[in-house]
Amino acid sequence: MTALSPETALAILASHGADPARWPVQDRAALLALAGRDATVAAALADARAMDALLAGWAAAPVPPARIDTAAITALPQQRPVPPGPVRAWRPALLAASLALVVAVGGWIGFAGQYGGQVATEIATATPSSAGVAAAEADLAFAYVFTPTAAEEDVI
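In this report, we go over the structure that sits alongside the text. (Residues numbered from 1 in each chain as written. Predicted model: local features only at pLDDT ≥ 70, side-chain atom pairs only at ≥ 80, totals over all residues. Heavy atoms only, no water.)

## Brief notes about the overall build of the chain
Right, so step 1: Check the secondary structure of the chain and you find 10 helices and 0 strands.
Right, so step 2: Evaluated residue by residue, the chain yields a buried proportion of 14% over its 156 residues.
Right, so step 3: Nonlocal contacts in the chain, meaning residues at least 24 apart in sequence, comprise 52% of its contacts between residues at least 6 apart.
Right, so step 4: Surface summary for the chain: the accessible area is close to 12100 Å², and the carbon and sulfur share equals 66%. (Helix = DSSP H or I, 4+ residues; strand = E, 2+ residues; numbered from the N terminus. Buried < 20%, exposed > 50% of the residue type's maximum accessible area, 1.4 Å probe, protein only. Contact = heavy atoms within 4.5 Å. Areas by Shrake-Rupley, 256 points an atom, 1.4 Å probe, with all protein chains shown as cover.)

## Focus on helix 1 (residues 6–16)
Right, so step 1: Taken together, the buried positions of helix 1 are occupied by Ala9, Ile12 and Leu13. Projected down its long axis, helix 1 carries its buried residues within an arc of 95 degrees, all on one side. For helix 1, exposure combined with an orientation more than 90 degrees from the buried face picks out Glu7, Ala14 and Ser15.
Right, so step 2: Residues of helix 1 that are buried make contact with helix 2 (28–37) and helix 3 (39–60).
Right, so step 3: Positive phi appears at glycine 17, one or two residues downstream of helix 1, with a value of about 90 degrees. (Arc of directions from axis to C-beta.)

## Some remarks on the pattern of salt bridges
Right, so step 1: By the definition in use, this model includes 1 salt bridge.
Right, so step 2: Residue aspartate 52 is joined to arginine 22 by a salt bridge in which the shortest nitrogen-to-oxygen separation is 2.7 Å. On the criterion of sequence distance, the pair formed by aspartate 52 in helix 3 and arginine 22 in the loop between helix 1 and helix 2 is long-range, its members being 30 residues apart.
Right, so step 3: A relative accessible area of 21% means that aspartate 52 is categorised as partly exposed. (Salt bridge = Lys/Arg side-chain N within 4 Å of Asp/Glu carboxyl O.)

## Notes on helix 2
Right, so step 1: Among all positions of helix 2, only Ala30, Leu31, Leu34 and Ala35 are buried. Buried residues of helix 2 fall within an arc of 135 degrees about the axis and therefore sit on the same side. Seen from the open side of helix 2, the exposed residues pointing more than 90 degrees away from its buried face are Gly36 and Arg37.
Right, so step 2: On its buried face, helix 2 is in contact with helix 1 and helix 3.

None of the figures reported here should be taken as evidence of function without further support.
This is the structure we're talking about:
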């Protein structure tokens with residue numbers, strides 16, 4: 001039989017409960033002997049026995065039957081799930097088009113130069129000489145957005 005400190009005995013009782021069959025084999029006899037000599041360990045053993053009794057009563061309690069009226073549920077008319085409508089079908093395409101527009105407009109107004117890309121030099125250097133400045137800028141913006149690159153030309 002090994003000597004057992006009260007702290008170790010309390011830790012064993014807290015982790016394994018009051019049943020000696022659940023205690024480590026080498027500590028069983030020492031813990032029972034210490035419980036006979038030490039009031040703290042004896043009180044902890046009594047508390048562990050009370051907790052084990054509560055848990056055993058809880059585990060053995062009967063489970064009440066379910067109070068679900070299955071006849072009433074099955075009597076209800078069944079509905080089919082609603083298939084995705086036409087709005088849901090084109091959402092991915094709308095998202096892709098929006099993303100492409102943001103990328104194109106971001107490059108056109110110069111965000112690409114700020115974030116490591118190339119600035120559209122055609123738009124930045126175009127300076128119409130008459131009152132048609134807005135129309136010329138709009139034409140350049142349209143051409144920038146809708147003119148395919150060389151890689152896109154190869155795919156087309």
